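Listed below, chain by chain, are the residues.
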Amino acid sequence: MESVDQSILEAFDTMWGLYPEPVMLVHACRDVLAVNQRAEELGINAGIKCFSLYPNDRICPGCLGNKMLQTGQATRKGAFTKQGRYVDGYWIPVKGVEKVFVHFGNDITEFVKPELLAE
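So, how was this worked out
Residues numbered from 1 in each chain as written. Predicted model: local features only at pLDDT ≥ 70, side-chain atom pairs only at ≥ 80, totals over all residues. Heavy atoms only, no water. 1 Å grid on protein atoms, 1.4 Å probe; cavity = no way out; pocket = protein on both sides within 12 Å on 5 of 7 lines; lining within 4 Å. Points joined across faces, edges and corners; volume = space filled by probe spheres on them. Helix = DSSP H or I, 4+ residues; strand = E, 2+ residues; numbered from the N terminus. Nonpolar A, V, L, I, M, F, W, Y, C, P; charged D, E, K, R; others polar. Core = buried A, V, L, I, M, F, W, Y, C linked by side-chain atoms within 4.5 Å. Buried < 20%, exposed > 50% of the residue type's maximum accessible area, 1.4 Å probe, protein only. Contact = heavy atoms within 4.5 Å. Phe/Tyr/Trp six-rings, centres within 6.5 Å; stacked < 30°, edge-to-face > 60°.

Enquirer: Sorry, what's going on with the layout of surface pockets here?
Expert: In this structure, the largest pocket occupies an estimated 1,200 Å³ of space. In this structure, the largest pocket is lined by 33 residues; those nearest its centre are Tyr54, Ala79, Thr81, Val87 and His103. Ranked by residue count, the leading element in the lining of the largest pocket is strand S5 (residues 100-107), at six residues. Considered class by class, the residues forming the lining of the largest pocket number 19 nonpolar, eight polar and six charged. Reported here for the second largest pocket is a volume of approximately 160 Å³. Around the second largest pocket, the lining residues are Ile8, Ala11, Phe12, Met15, Trp16, Leu25, Ile92, Pro93, Val94 and Val102. Elements that contribute at least two residues to the lining of the second largest pocket include exactly helix H1 (6-16) and strand S4 (86-93). Looking at the lining of the second largest pocket element by element, the count peaks at five residues for H1. Across the lining of the second largest pocket, the residue classes tally to 10 nonpolar, no polar and no charged.

Structural data, given as structure tokens:
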């Protein structure tokens, strides 16, 4: 598994530790380097490949991690889950740390007007 400096892990915990949705610190190879408290409560732990949560054996089709890594810019994508929930997903680079990003999604189902989501 990839690793990062302890100060990065501490900064992740300080910033995201109590965020109410699950948040992961992820390496470009998709190793989960750290998770916040909510992720732990849901049984998500560091040391896994992020895509194993879905379960996949490779990067998820909707993942924007590679795009974010190529551009160095945060990316965002909304999607419906299999359970019919709407999740607003983010991939955010970590300033000054190559090949590492923060990934999370906010369940915003109760705030979304279905007519605005028609494709």
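Having seen it, we continue.
Enquirer: I would appreciate a short explanation of the nonpolar core in the present structure.
Expert: What tends to happen in soluble globular proteins is that the nonpolar side chains get buried as a cluster. Membership of the largest hydrophobic core comes to 14 residues, with the highest contact counts inside it found for Phe12, Leu25, Val100 and Val102. Looking at this core, the elements that each hand over two or more residues are H1, strand S1 (23-27), strand S2 (32-35) and S5. Residue contacts for Leu25: discarding those within four places in its chain leaves Val4, Ile8, Leu9, Phe12, Asp31, Val32, Leu33, Ala34, Val94, Val100, Phe101 and Val102. Judged by nonpolar contacts, the second largest core, of 11 residues, contains Val26, Val32, Cys50 and Leu64.

Enquirer: Which parts of the structure should I look at to understand the packing of aromatic side chains?
Expert: Each aromatic ring pair is characterised by the separation of its centres together with the angle its planes make. Throughout the structure, instances matching the rule amount to five aromatic pairs. Where Trp16 meets Tyr19, the ring centres are 5.2 Å apart and the plane angle is 75°; that geometry is what we call edge-to-face. Note on Trp16: relative accessible area 14%, which makes it buried. Residue classification places Tyr19 among the partly exposed positions, given a relative accessible area of 26%. For the pair Tyr19 and Phe104, a centre-to-centre distance of 5.5 Å together with 65° between the ring planes defines the contact as edge-to-face. Taken together, the positions of Tyr19 in the loop between H1 and S1 and Phe104 in strand S5 put the pair 85 residues apart, joining distant regions of the chain.

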